[in-house]
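Architecture and fold: a report
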Amino acid sequence: MRAGEWRVELDLNGESLPFSWLIKQDSSGGYHAVIRNGEESLDVSELRIERDSFFLRMPLFDSEFLGRLHGDSLIGGFWRNYTRGSAYKIPFSAVHGPRPRFAAQAPGSAERFAGIWQTWFSPNSPEAYNAVGRFDAYPDGSITGTFMTETGDYRFLAGSSSSDSMHLSCFDGSHAFLFAACLRNDSLIGRFWSGTHWQEPWIAVRNSSYRLRNPDSLTFLQDGFDRVAFRFPDLDGVERSPDDPDFSNHPLLIHIMGSWCPNCMDETLLLREMHEKYSPHGLRIMAVAFEKHSDQKRALDALRRYAKSLSVPYPILYGGSASKEEAGEKLPFLKRLISYPTCLFIARDGTIMRIRTGFYGPGTGPHYDSYRKDLDEFLRRMVEET
């Protein structure tokens with residue numbers, strides 16, 4: 001197998017989703033990979049070659065590539081995402097050598113797509129939802145950016161443009177996203193594919209002043225509740241609660257998340273940073289995870305892998321299944337839990353100060369920078385309050 005750049009394609013029922021691997025060989029002869037999505041690089045250390053068989057396991061999410069080597073420059077096989085069940089698989093092929101992410105890339109064409117776009121996914125349907133598209137253009141015709149929705153963002157998208165079309169993709173080990181659009185007058189007319197299980201239309205118009213609803217206004221306390229109350233096992237099986245001495249009388253942040261969720265991963269990295277800064281001043285953080293594996297052992301294994309890979313310094317509790325219905329039953333004090341992740345900010349006296357729905361990660365650029373600054377200031381005030 002050859003080291004260097006590889007172009008990978010996932011076959012989404014006839015639509016090609018491309019991304020790249022950078023395969024590196026160490027001094028002992030072993031391999032590791034770097035998956036690239038725009039400005040993001042994901043290090044993958046679990047890469048094995050056994051004769052003509054290829055195994056690449058993602059570091060966080062419960063998925064892997066199983067393939068066969070054809071010579072030293074071609075691999076074919078399947079990507080399997082076990083959080084969607086043992087039968088879920090997508091064909092892939094990988095070819096050695098540097099190539100554009102998308103073949104149709106015209107220098108000088110990307111500027112027509114740059115900027116902020118007011119976006120509607122599945123317009124005029126019961127599944128409709130709003131978003132903000134933010135795209136950056138480069139002279140060679142390449143594009144990076146993302147879509148922000150009221151439950152999170154679509155992370156680091158990368159692609160290219162031609163005279164009247166745009167293509168973007170992202171693969172992070174959990175999600176496989178593909179976007180295509182044509183420019184018609186002042187509108188983008190597009191389609192979105194998520195793995196093999198979902199596709200939908202979308203439209204967008206340029207609108208730099210468009211804003212989504214405030215993430216602090218979407219989830220709130222049920223009538224009759226003024227405190228959080230639950231008790232779940234941690235990864236060692238110890239039952240824990242916000243009322244335990246380790247957490248009570250401390251400013252507390254509760255992170256409702258799942259190990260399968262890339263937005264949760266992005267927020268975990270930010271919370272790890274804030275924990276390091278403010279835990280000496282009294283801040284406590286706990287995560288409550290709702291998992292896609294129905295088998296509790298597999299769910300806990302996934303959470304342990306997640307905690308180890310991200311060096312999570314605070315306890316993760318296992319809440320149950322990832323369905324929002326079950327999460328709502330397990331957390332009855334919350335009304336309209338609509339997103340993983342959701343963060344609860346609790347004062348020293350146990351009152352809830354803030355509930356924030358979703359997360360805009362580093363792929364959103366200035367939106368992430370703004371929230372990171374806001375979070376830092378909010379936590380500073382929390383730990384200073386007596």
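Just so you know, these numbers come straight off a predicted model, no measurement behind them.

Taken N-terminus to C-terminus, the directions of helix α1 (residues 262–278) and helix α4 (residues 366–384) make an angle of 35 degrees; their axes are 11 Å apart at the nearest point. For the crossing formed where α1 meets α4, the hand is right-handed. Taken together, the residues of α4 that come into contact with α1 (itself represented by E267, L270, L271, E273, M274, K277 and Y278) are Y368, Y371, R372, L375, D376, L379, R380 and V383. Per-class residue counts for the contact of α1 with α4 are nine nonpolar, no polar and six charged.

This brings us to the side chain of N263. Here N263 lies in helix α1. The class for N263 is buried, based on a relative accessible area of 10%. Not counting the four nearest positions on each side in its chain, N263 is found in contact with T151, G152, D153, R155, P341 and F359.

Here the focus is the nonpolar core. Within the largest apolar cluster, 59 residues are counted, with the highest numbers of intra-cluster contacts made by F230, I254, I256, I316, F345 and L379. Contributions of two or more residues to this core are made by β21 (252–257), α1, β22 (284–291), α2 (296–310), β23 (316–321), β25 (342–346), β26 (352–357) and α4. Per element, the largest residue contribution to this core is seven residues, and it comes from α4. Beyond its immediate sequence surroundings of up to four residues, I316 is in contact with P233, D234, L235, A287, A289, L303, Y306 and A307. Judged by nonpolar contacts, the second largest core, of 32 residues, contains M1, W79, Y88 and I90.

Rules used in this analysis
- Residues numbered from 1 in each chain as written.
- Predicted model: local features only at pLDDT ≥ 70, side-chain atom pairs only at ≥ 80, totals over all residues.
- Heavy atoms only, no water.
- Axes fitted to C-alpha atoms, helices over the stretch in contact; angles between N-to-C directions.
- Helix = DSSP H or I, 4+ residues; strand = E, 2+ residues; numbered from the N terminus.
- Left-handed = near helix turned anticlockwise from the far one by under 90°.
- Contact = heavy atoms within 4.5 Å.
- Nonpolar A, V, L, I, M, F, W, Y, C, P; charged D, E, K, R; others polar.
- Buried < 20%, exposed > 50% of the residue type's maximum accessible area, 1.4 Å probe, protein only.
- Core = buried A, V, L, I, M, F, W, Y, C linked by side-chain atoms within 4.5 Å.

Structural measurements only, silent on function.
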